[in-house]
Amino acid sequence: MKAIAVAFILPVLFSCSGKKDKVQVGEMTTMEVNEVFDAGTVVKGETIRAVFTVKNTGDAPLVISEVRPSCSCTVADKPEDPIAPGASAEIVAKVETENVSSKSVIKSVTLVTNTEESTKVLSIKAKIK
């Protein structure tokens, strides 16, 4: 009976080893990202596809908990899994220019992360012809 109990308990004990690939509540990290995507000149009606590469420069996993576009014409995808220290991931934002009435567009996407400044604003700009 003791052998059976040990057989079930040992895997549980070893599965709780202090691996650093799990996110701990309150863990902070740092990141690098180019904050401006310049699409250049686009034709009205074209969809701008802005790719932002986010690099985790800290020691803890980087969690992007939320990505908030500035308006309904902008949609953004975020990595679902934490970004490991030293690794990179992409945030892709798409801006629809069909209803733009000016000769230029500046839209933004706000990231909510586990960094010291918990929000980071990324900008997408373009000239419309």
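Residues numbered from 1 in each chain as written. Predicted model: local features only at pLDDT ≥ 70, side-chain atom pairs only at ≥ 80, totals over all residues. Heavy atoms only, no water.

**Quick word on the pairing of strand β5 (residues 74-77)**
Piece 1. Only one face of β5 is buried, namely the one carrying Thr74 and Ala76, since none of Val75 and Asp77 on the opposite face is buried.
Piece 2. When β5 meets strand β6 (residues 88-96), the two strands line up antiparallel, connected through four bridges. Paired with Ala76 across the two strands is Ala93, which belongs to β6. (Buried < 20%, exposed > 50% of the residue type's maximum accessible area, 1.4 Å probe, protein only. Helix = DSSP H or I, 4+ residues; strand = E, 2+ residues; numbered from the N terminus. Pairing = 2+ DSSP bridges.)

**Overview of the pattern of salt bridges**
Working definition: two side chains of opposite charge can pair if their charged atoms are close together.
Piece 1. Throughout the structure, instances matching the rule amount to three salt bridges.
Piece 2. Lys120 serves as the salt-bridge partner of Glu35, at 3.2 Å between the closest nitrogen and oxygen. Here Glu35, found in the loop between β1 (31-33) and β2 (36-42), pairs with Lys120, found in strand β8 (residues 119-128); they are 85 residues apart in sequence, far enough to count as distant.
Piece 3. Across the salt bridge formed by Glu66 and Arg68, the nearest N and O atoms sit 3.2 Å from each other.
Piece 4. Take Glu66: its relative accessible area is 37%, and that puts it in the partly exposed class. (Salt bridge = Lys/Arg side-chain N within 4 Å of Asp/Glu carboxyl O.)

**Here's the deal with the pairing of strand β7 (residues 104-113)**
Piece 1. The element β7 is largely enclosed, with a buried count of seven among its ten residues.
Piece 2. Bridging between β7 and β8 involves nine bridges; their strand directions are antiparallel. Note that in β8 the partner of Lys107 across the bridge is Ile124.
Piece 3. Between the end of β7 and the start of β8, which pair antiparallel, lie five residues.

**Describing the confidence of the model for the chain**
Piece 1. When pLDDT is averaged across the chain, the result is 85; 81% of the residues are at 70 or more.
Piece 2. Across residues 3-20 the pLDDT falls below 50, and counting only partners more than four positions away or on other chains, this stretch makes four contacts in the model. (pLDDT = per-residue confidence, 0-100. Contact = heavy atoms within 4.5 Å.)

**Quick look at the sheet that holds β6**
Piece 1. Spatially, the four strands line up as an open sheet ordered β1-β3-β6-β5, and their pairing is antiparallel. Pairing within the sheet leaves two strands with one partner each, and these edge strands are β1 and β5. Across the sheet, the axes of successive neighbouring strands diverge by a mean angle of 20 degrees, strand direction being ignored.
Piece 2. Pairing analysis gives three bridges linking β1 to strand β3 (residues 47-56), with the strands arranged antiparallel. Within β3, the residue paired with Val33 across the bridge is Val54. (Axes fitted to C-alpha atoms, helices over the stretch in contact; angles between N-to-C directions.)

**Quick look at the sheet that holds β7**
Piece 1. With mixed pairing, the four strands of this open sheet are ordered in space as β2-β8-β7-β4. Each edge of the open sheet is held by one strand with a lone partner, namely β2 and β4 (64-69). Across the sheet, the axes of successive neighbouring strands diverge by a mean angle of 15 degrees, strand direction being ignored.

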